[in-house]
Amino acid sequence: MTIRFGLIGCGVMGEALLSRLLARGVYQPSEVIVSEPLLARQGFLQQEYDVTVTADNSSVFALASEVVFLAVKPQVFSAIAQELAGILEAAYSPLVISILAGVSLSQLEGAFPQLPIVRAMPNTPATVGAGITAMCLGAYTNTKHQQIAQQIFSAVGEVVEVSEILMDAVTGLSGSGPAYVALMVESLADGGVAAGLPRVIANQLALQTVLGTAKLLEESKIHPAELKDRVTSPGGTTIAGIAQLERSGFRSALIEAVRVAAQRSLELGK
Ligand SMILES: NC(=O)C1=CN([C@@H]2O[C@H](COP(=O)(O)OP(=O)(O)OC[C@H]3O[C@@H](n4cnc5c(N)ncnc54)[C@H](OP(=O)(O)O)[C@@H]3O)[C@@H](O)[C@H]2O)C=CC1
Ligand SMILES: O=C(O)[C@@H]1CCC=N1
């Protein structure tokens, strides 16, 4: 079978995408080639997913007919672009999808001249099919490329299309956001332990509180402020907790976290 999908860099996000694409049957293992530098990691990926594995990024470009998906760290982007520059003319003209934080369409189009490019920002809940991806389309893309990217990211969750100028803000919010939420779950559980709960129970209560609240907001479509008001009894426990959160700058901390992460995304592309 022809190789249709090439993945350059199969770490946390690459593997999350790969496993779901295979599980959903978007690509068959025989249609996929993956490049990874470490022998041990190559062995694992080959065994686990039965895909073709290589250490040579140029083979990915030479063999993948439909999509080349870049999932390396932004810091190695220029090295990879240099490495691939020589082979681009001889290869197919695959759709290049990049999930590299901060790396712009113009940088990608400079590295892969005339190729259709999609810049995207998924997030780690993609691993369980509950991610959200924002994407924007490069100058050489057409409807078919848009559909391919939609199909790939739909396999791991929701997809929104945004203009490129918003991609750094997306990165600061939904790209990095799972880490903020994980920190919150951990801290809520720690608070429970501080208040006397056994750790296992505290972890379960914290996780389900975040999950349940997200589900309630999603299904009821009520504004978060309204939900907060519904929980907050006059003179009760919740308003005491909220007053403390406000004294500690909780909202401002989250607003600044997203803003600073967006700024960092912008810097990573420089
Ligand atoms: N983690 C996240 O939540 C998200 C990450 N992203 C973006 O996804 C990209 C990947 O992030 P993440 O998966 O977390 O990072 P990882 O470090 O987990 O994955 C990157 C992988 O690329 C491999 N690699 C390194 N150099 C090369 C090379 N020259 N050729 C091929 N493969 C190489 C690494 O191998 P080794 O480890 O041996 O160096 C590693 O397995 C980043 O650009 C990031 O901005 C986007 C959305 C969310
Ligand atoms: O921390 C990072 O740079 C990457 C991008 C978004 C999530 N992780």
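Residues numbered from 1 in each chain as written. Chains lettered and ligands numbered in written order. Predicted model: local features only at pLDDT ≥ 70, side-chain atom pairs only at ≥ 80, totals over all residues. Heavy atoms only, no water.

The protein carries the name Pyrroline-5-carboxylate reductase in an unreviewed UniProt entry, which gives Dendronalium phyllosphericum CENA369 as its organism. The protein has a UniProt comment under Sequence similarities (unreviewed entry) that states "Belongs to the pyrroline-5-carboxylate reductase family." Database annotation for the protein, UniProt heading Function (unreviewed entry): "Catalyzes the reduction of 1-pyrroline-5-carboxylate (PCA) to L-proline." (UniProt positions renumbered as here; feature names shortened; annotations may be inferred.)

1. Things to note about the domain arrangement of the protein
Splitting the protein by domain gives domain 1 (5–163) and domain 2 (177–268). Across the contact, nine residues belong to domain 1 and four residues belong to domain 2. Contact between domain 1 and domain 2 buries roughly 430 Å² in total, counting both sides, with carbon and sulfur atoms accounting for 57%. It is Gln75, Ala101 and Gly102 that lose the most area in domain 1 upon contact with domain 2, and together they represent 50% of the buried surface on that side. The interface formed by domain 1 and domain 2 holds zero salt bridges in total. (Domains from an automatic or database assignment. Contact = heavy atoms within 4.5 Å. Buried area = accessible area lost by both parts, 1.4 Å probe. Salt bridge = Lys/Arg side-chain N within 4 Å of Asp/Glu carboxyl O.)

2. Describing a nonpolar patch on the surface
Taken together, the side chains of Met184, Leu188, Leu245, Phe250 and Leu254 make up a nonpolar region of the molecular surface, amounting to roughly 390 Å² of accessible area. The exposure class of Leu254 is partly exposed, given its relative accessible area of 37%. (Patch = residues over 30% accessible without salt bridge, like charges linked within 9 Å, V, L, I, M, F, W, Y side chains within 5 Å. Areas by Shrake-Rupley, 256 points an atom, 1.4 Å probe, with all protein chains shown as cover. Buried < 20%, exposed > 50% of the residue type's maximum accessible area, 1.4 Å probe, protein only.)

3. With respect to the pairing of strand E7 (residues 131–137)
Within E7, five of the seven residues are buried, leaving the element largely enclosed by the surrounding structure. In the sheet, strand E6 (residues 117–121) pairs with E7 via four bridges, with the strands oriented antiparallel. Each bridged residue has a counterpart across the sheet, and for Met121 the counterpart in E7 is Ala134. Here five bridges tie E7 to strand E8 (residues 157–161), and the two strands are oriented parallel to one another. Each bridged residue has a counterpart across the sheet, and for Gly131 the counterpart in E8 is Gly157. For the handedness criterion, the β-α-β arrangement of E7, helix H6 (residues 143–154) and E8 is classed as right-handed. (Helix = DSSP H or I, 4+ residues; strand = E, 2+ residues; numbered from the N terminus. Pairing = 2+ DSSP bridges. Right-handed = clockwise from strand over helix to strand, strands pointing away.)

4. Things to note about the site of ligand 2
Neighbouring ligand 2 are the residues Ala101, Gly175 and Ser176. Considering ligand 2 on its own, with 240 Å² of exposed area, one finds that the protein chains cover 48% of that surface. (Near = heavy atom within 4 Å.)

5. Thoughts on the pattern of salt bridges
Across all of its chains, the model carries twelve salt bridges by this definition. Arg4 is the salt-bridge partner of Glu31, the closest N and O atoms lying 3.0 Å from each other. On the criterion of sequence distance, the pair formed by Glu31 in the loop between helix H1 (12–23) and strand E2 (32–35) and Arg4 in the segment before strand E1 (5–8) is long-range, its members being 27 residues apart. Overall, the relative accessible area of 8% leaves Glu31 in the buried class. Taking the shortest distance from any N to any O, the salt bridge between Glu15 and Arg41 comes out at 2.8 Å. In this pair, Glu15 sits in helix H1 while Arg41 sits in helix H2 (residues 39–49), placing the two residues 26 residues apart along the sequence.

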